[in-house]
Amino acid sequence: MNSFLHTGIFLIILLSLQTYGADICPVLLSDSSMLISAEGQFINREYSRIRIELFWKHHVQAPDSFDITISGKTSYRYITTPNYRYIEMLPQKIKRQMAIHHLKEYIGISPLKWDDLELLANGDFACKDSSNKNSNRLATALSQTWFSLTFNSPHPDSIQMNGAKGEKRHIRIHTWSSYDGIYLPAVIDIKGQNYSGSLWVRTAKVIHDNAQEKTKTGKKQEKKIFSPLWNGGDGEIKVPLILQMD
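Given the structure is predicted, the values throughout are model-derived calculations rather than measurements.

A.B. asks: A description of the packing of aromatic side chains should follow, citing residues and the corresponding values.
C.D. replies: Tallied over the entire structure, the rule returns four aromatic pairs. Aromatic pair Phe66 and Tyr78: ring centres 6.3 Å apart, planes at 40°, arrangement tilted. Here Tyr78 lies in strand S4 (residues 74-80) and Phe66 lies in strand S3 (residues 64-70), a separation of 12 residues in the sequence. With a centroid separation of 5.2 Å and 35° between ring planes, the pair formed by Tyr78 and Trp114 is classed as tilted. You can see Tyr78 sitting in strand S4 and its partner Trp114 sitting in helix H2 (residues 114-122), a full 36 residues away along the chain. Take Tyr78: its relative accessible area is 0%, and that puts it in the buried class. Put simply, the rings of Trp56, Phe66, Tyr76, Tyr78 and Trp114 pair up and form one aromatic cluster. Its guanidinium or amino end placed over the ring of Tyr106, Arg45 lies 3.6 Å from that ring's centre, counting from NZ or CZ. The residue whose ring lies beneath Lys113 is Tyr106, and the NZ or CZ to ring-centre distance is 4.7 Å.

Right, here's the structure in full:
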């Protein structure tokens with residue numbers, strides 16, 4: 001068997017184990033449902049200056065949606081559920097179903113990938129082995145681009161992302177701010193091997209999903225406050241009852 005074929009088979013097996021064999025422990029930026037509006041300026045892979053507008057509807061017990069506009073010209077809506085995901089190319093509303101391997105594609109001419117949105121929405125990281133003493137490293141469970149995130153403290157100002165084919169990304173968090181009682185990275189710099197830029201939160205507020213209004217005991221659920229880096233959540237998987245695109 002030639003080395004090229006052997007390498008290909010090894011990579012297929014590795015991706016299969018990564019995708020289907022890992023136990024997933026969700027690690028979320030916020031375990032409260034939120035509406036987050038952000039904006040960014042980047043030098044992309046073609047060395048052009050672009051602007052990104054992002055509107056993220058994060059639901060704890062329902063599908064997440066992202067509206068992305070690039071330089072005021074190209075717009076997408078991305079919907080992700082535990083069972084499937086798809087994008088709409090706006091304004092025509094042309095739909096494209098996304099398989100796992102499609103997530104490694106770039107979002108238009110931006111330096112961001114669909115994988116980045118998946119990590120934000122679902123926090124799919126591998127559960128840590130009890131023998132793992134490195135509490136500042138997270139291994140992804142489903143990402144087709146990123147293998148790990150390493151941060152310099154529980155409340156970091158620096159995050160290193162390592163991925164396939166030696167791909168690396170460094171994130172510098174300039175400041176954290178409270179939005180409706182939830183602490184989020186407010187201004188960040190992002191630098192990859194052939195792109196760089198900044199992203200900042202414009203507005204963010206907590207929303208209350210119907211499924212979250214009451215606990216099993218009938219009492220109103222208390223809003224959970226952000227813990228350092230990401231919340232681990234309670235391990236529950238979001239229920240894909242309807243596609244919330246309001």
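A.B. asks: Break down the state of the cysteines for me, citing the residues and quoting the values.
C.D. replies: Here the structure, examined in full by the defined rule, presents one disulfide. A sulfur-sulfur separation of 1.9 Å characterises the disulfide bridge that pairs Cys25 with Cys127. Disulfide Cys25-Cys127: torsion about the S-S bond near 100°, hence right-handed. Of this pair, Cys25 sits in the loop between helix H1 (3-20) and strand S1 (34-43) while Cys127 sits in the loop between H2 and strand S7 (137-139), and the two are 102 residues apart along the sequence. Given a relative accessible area of 31%, Cys127 falls into the partly exposed group.

Reading the values: rules and limits
- Residues numbered from 1 in each chain as written.
- Predicted model: local features only at pLDDT ≥ 70, side-chain atom pairs only at ≥ 80, totals over all residues.
- Heavy atoms only, no water.
- Phe/Tyr/Trp six-rings, centres within 6.5 Å; stacked < 30°, edge-to-face > 60°.
- Helix = DSSP H or I, 4+ residues; strand = E, 2+ residues; numbered from the N terminus.
- Buried < 20%, exposed > 50% of the residue type's maximum accessible area, 1.4 Å probe, protein only.
- Lys NZ or Arg CZ within 6 Å of the ring centre and 35° of its normal.
- Disulfide = S-S within 2.5 Å.

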